[in-house]
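Listed here are the chains, written in short residue letters.
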Amino acid sequence: MSMRWAALTFLHWPVPAAMLRPLVPAALEVDTYDGSAWVGVVPFRMEQTKLRGVPRIPGTHTFAEFNVRTYVRHAPTGRTGVWFFSLDAASWMAVRAARVSFGLPYFDAQIRVLLPEAGTVYYAGHRTHRGAPAAAFDARVRPTEEHVAAVPGSLAHWLTERYALFATRYGSLVTGDIHHRPWPLRQAHAVIEANTLAHAAGITLPDGEALVHYAEEVDVVAWPPRVLERG
């Protein structure tokens, strides 16, 4: 499938790896940078989403999304990538499709992403999924003109240049590949009014300010999941 991720903000906090260990499958290691695991809260707009060979389906090609993630390693293969604790999306059909096809923890939500006005991006939304823990996010992000050189070995590169995801589907560990050009990252400042997304996943974020990066857009292609370990 192909898609565009737009008006995307990476908000990251360092946390002890031990905090995340019970929340990640035993088949995966919690990846760390300088001894710390990292939790990301990532709000953005999904645009031009399309399955190869299938016309765009109304209600699924453009919608807003929040995700909560960390970074993991599959030791037997050496693969590294993203583990999602939750993904909230303002598309009923996309939520169901992702749950069935990938086994990803998608939830129904009402989300608004207001694109830059006077240089500020505004994100606001809350989870509406029946039976799921309550969660909300409300923030204003102001990108600067300062670009970030996410060179290999840097924290910015380690956090953002991830080209695989992991999930459990019907008891099996699966992985999926994605591809895009390197993120056009910029420094940014965030004012967070509400953020209970990580708490809803059982994660306590530290009191310090987040490390913030912003990217205007990137075009992405993704491949179907494949089984790494059968359940």
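None of the values given here were measured: they were computed from a predicted structure.

Basis of the calculations
- Residues numbered from 1 in each chain as written.
- Predicted model: local features only at pLDDT ≥ 70, side-chain atom pairs only at ≥ 80, totals over all residues.
- Heavy atoms only, no water.
- Helix = DSSP H or I, 4+ residues; strand = E, 2+ residues; numbered from the N terminus.
- Contact = heavy atoms within 4.5 Å.
- Buried < 20%, exposed > 50% of the residue type's maximum accessible area, 1.4 Å probe, protein only.
- Polar contact = N/O pair within 3.5 Å; in protein donor to acceptor, adjacent residues only side chain to side chain.
- Core = buried A, V, L, I, M, F, W, Y, C linked by side-chain atoms within 4.5 Å.
- Pairing = 2+ DSSP bridges.

Chemist: Help me out: how do you make sense of the side chain of threonine 160 in this one?
Modeler: Mapped onto the secondary structure, threonine 160 falls in helix H3 (residues 155–160). Setting aside its immediate chain neighbours within four residues, threonine 160 contacts Phe10, Trp183 and Leu185.

Chemist: What is the right way to look at the side chain of arginine 79 in this model?
Modeler: Summarising the element assignment, arginine 79 is placed in strand S5 (residues 79–89). Discounting residues that sit within four places of it in the chain, arginine 79 has contacts with Val72, Arg73, His74, Ala164, Phe166, Thr175, Gly176, Asp177 and Arg226.

Chemist: Please clarify how the environment of arginine 169 should be interpreted in this entry.
Modeler: Secondary-structure assignment places arginine 169 in strand S9 (residues 164–169). Residue arginine 169 is classed as partly exposed on the basis of its relative accessible area, which comes to 22%. Counting along the chain gives 10 residues from arginine 169 to leucine 159, while the straight-line C-alpha distance between them is 25 Å. Not counting residues within four places of it along the chain, the set of residues in contact with arginine 169 comprises Val100, Ser101, Phe102, Gly103, Val174, Pro225 and Val227. Reaching out from arginine 169, the side chain makes a polar contact with the backbone oxygen of serine 101 at a distance of 2.7 Å.

Chemist: Even after reading the chapter, I still don't get the nonpolar core, so can you show me in this structure?
Modeler: Nonpolar side chains in soluble globular proteins tend to end up buried together. Grouped together as the largest cluster of nonpolar side chains are 36 residues, with contacts concentrated most on Leu20, Tyr123 and Phe137. Apart from the residues lying within four places of it in its own chain, the contact partners of leucine 20 are Val15, Val30, Ala37, Val39, Thr70, Phe85 and Ile203. Val82, Phe102, Leu165 and Ala167 belong to the second-largest nonpolar core, a separate cluster that totals 35 residues.

Chemist: Which parts of the structure should I look at to understand the pairing of strand S10 (residues 172–179)?
Modeler: Taken residue by residue, a regular strand's side chains alternate between the two faces of the sheet. Counting buried positions along S10 gives six out of eight residues, so the element sits mostly inside the fold. The sheet contact formed by S9 and S10 spans six bridges and is antiparallel. Residue pairing in the sheet places threonine 168 in a bridge with leucine 173 of S10. Connecting S9 to the antiparallel partner S10 that follows it, the hairpin turn spans two residues, and tyrosine 170 within it adopts a positive phi of roughly 50 degrees. Two strands pair when backbone bridges link them, and S10 and strand S13 (residues 226–229) are joined in this way by three bridges, in the antiparallel orientation. By the bridge assignment, leucine 173 is partnered in S13 with glutamate 229. Bridging between S10 and strand S12 (residues 211–222) involves two bridges; their strand directions are antiparallel. Residue isoleucine 178 lies in a different strand from S12, and its bridge partner there is alanine 222.

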